[in-house]
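Structure assessment
Chain by chain, the residues:
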Amino acid sequence: MERKQRVLIVEDEKNIVDILRFNLHKEGYDTLEAFDGITGLRLALEESPDLILLDLMLPGMNGFEVCRLLRDKGRNTPVLIITAREEEKDKILGLDLGADDYITKPFSIRELMARVKANIRRVAMERRPDQEAEVLDLGRLIIRREEALVTKDGERLDLTQREFELLTYLASHAGRVFSRQELMERVWNYAGYVGDVRAVDVAVRRLREKLEDDPAQPKYIITRRGAGYYFQKEF
Ligand code: CA
């Protein structure tokens, strides 16, 4: 079953959060909520939502900072900024925060939902060609799909087919956390798999031994405790 898409709401006005949550759930999205900027940034990084609705005036850390830090970390999650005033638009555009879109309060729910859908769809479409790119250039690591070849510092890594597929899958979705269950379904192609998922841990361990400078301190394939694994790009 396809995972529900998740929208992170970062907004300190509780009544607005309630309205957003209600309508997003009605449209079939899951939601995550943060009432201040620091929590918002943390959830954005840890949970890899499909879209972020971001208020600007927030306690702790404002929305400008949240967006800038998110982009500094290399995350391309679509960000839809909720501005309190029309004039803030100019500031947003001028700062070049890397926000994808903005909407001014008070907004109509219909318009907001249209924006949410459009931004999630746009990113999904942009990602596709990248995932199918012949060559994934990841700095020291280069993956050539056509030849099923991975090199690190120019040296060929001796990977099994499964290890190659696992690495390619994670690397082409860099930053996104996948549960063991999801990896069983997407890399092992065990649709609706509900059995033992330790095969994923074993494959990750072997892959790290071949891939990492120090397999005990992995820099590429990172464990998110209680959640799964993700690929970390070098910056
Ligand atoms: Ca606010």
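Residues numbered from 1 in each chain as written. Predicted model: local features only at pLDDT ≥ 70, side-chain atom pairs only at ≥ 80, totals over all residues. Heavy atoms only, no water.

1. Brief notes about the coordination of the calcium ion
Taken together, Asp-12 (OD), Asp-55 (OD) and Met-57 (O) make up the protein donors of the calcium ion, found 2.2 to 2.4 Å from the metal. Binding-site remark: the calcium ion is held by donors from one chain whose sequence spacing is D-x42-D-x1-M. Of this pair, Asp-12 sits in the loop between strand S1 (6-10) and helix H1 (14-26) while Asp-55 is found in strand S3 (residues 51-55), placing the two residues 43 residues apart along the sequence. Relative accessible area serves as the criterion here: at 3%, Asp-55 is assigned to the buried category. (Donors = N, O, S within 2.8 Å, 3.2 Å for Na, K, Ca; no water. Helix = DSSP H or I, 4+ residues; strand = E, 2+ residues; numbered from the N terminus. Buried < 20%, exposed > 50% of the residue type's maximum accessible area, 1.4 Å probe, protein only.)

2. Section: the sheet that holds strand S8 (residues 149-152)
What the four strands build is an open sheet, ordered S6-S7-S8-S9; its pairing is antiparallel. Of all the strands in the sheet, the pair left with one neighbour each is strand S6 (135-138) and strand S9 (155-156). With four bridges joining them, strand S7 (residues 141-144) and S8 adopt antiparallel strand pairing. Counted as the bridge partner of Arg-144 is Leu-149 from S8. (Pairing = 2+ DSSP bridges.)

3. Examining the pairing of strand S4 (residues 79-83)
The element S4 is largely enclosed, with a buried count of five among its five residues. Side chains Val-79, Ile-81 and Thr-83 of S4 all project onto a buried face; the interleaved residues Leu-80 and Ile-82 project onto the opposite face, where all are buried too. Two elements, S3 and S4, share four bridges in a ladder whose sense is parallel. Its bridge partner lying in S4, Leu-53 is registered against Leu-80. Handedness of the S3-helix H3 (residues 63-72)-S4 crossover: right-handed. With four bridges connecting them, S4 and strand S5 (residues 101-104) associate as parallel partners. Across the sheet, Ile-82 pairs through a bridge with Ile-103, a residue of S5. (Right-handed = clockwise from strand over helix to strand, strands pointing away.)

4. Quick word on the packing of helix H2 (residues 37-47) against H3
At their nearest, the axes of H2 and H3 sit 9 Å apart, and the two run at 25° to each other. In terms of their interaxial angle, H2 and H3 are classed as roughly parallel. Viewed along their axes, H2 and H3 form a crossing whose handedness is right-handed. Side by side, H2 and H3 meet where Gly-37, Leu-41, Ala-44 and Leu-45 of the first sit next to Val-66, Leu-69 and Leu-70 of the second. (Axes fitted to C-alpha atoms, helices over the stretch in contact; angles between N-to-C directions. Parallel < 35°, antiparallel > 145°, perpendicular 65-115°, else oblique. Left-handed = near helix turned anticlockwise from the far one by under 90°. Contact = heavy atoms within 4.5 Å.)

5. What to know about the pattern of salt bridges
Counted by the stated rule, this structure contains 20 salt bridges. Across the salt bridge formed by Lys-14 and Asp-18, the nearest N and O atoms sit 3.3 Å from each other. One end of the pair, Lys-14, and the other, Asp-18, are both in helix H1, four residues apart, so they sit about a helical turn from each other. Taking the shortest distance from any N to any O, the salt bridge between Glu-165 and Arg-162 comes out at 3.8 Å. Taken together, the residues Glu-165 and Arg-162, both in helix H6 (residues 161-171) and three residues apart, mark about one turn of the helix. Judged by its relative accessible area of 29%, Glu-165 falls in the partly exposed class. (Salt bridge = Lys/Arg side-chain N within 4 Å of Asp/Glu carboxyl O.)

None of this, on its own, says anything about what the molecule does.
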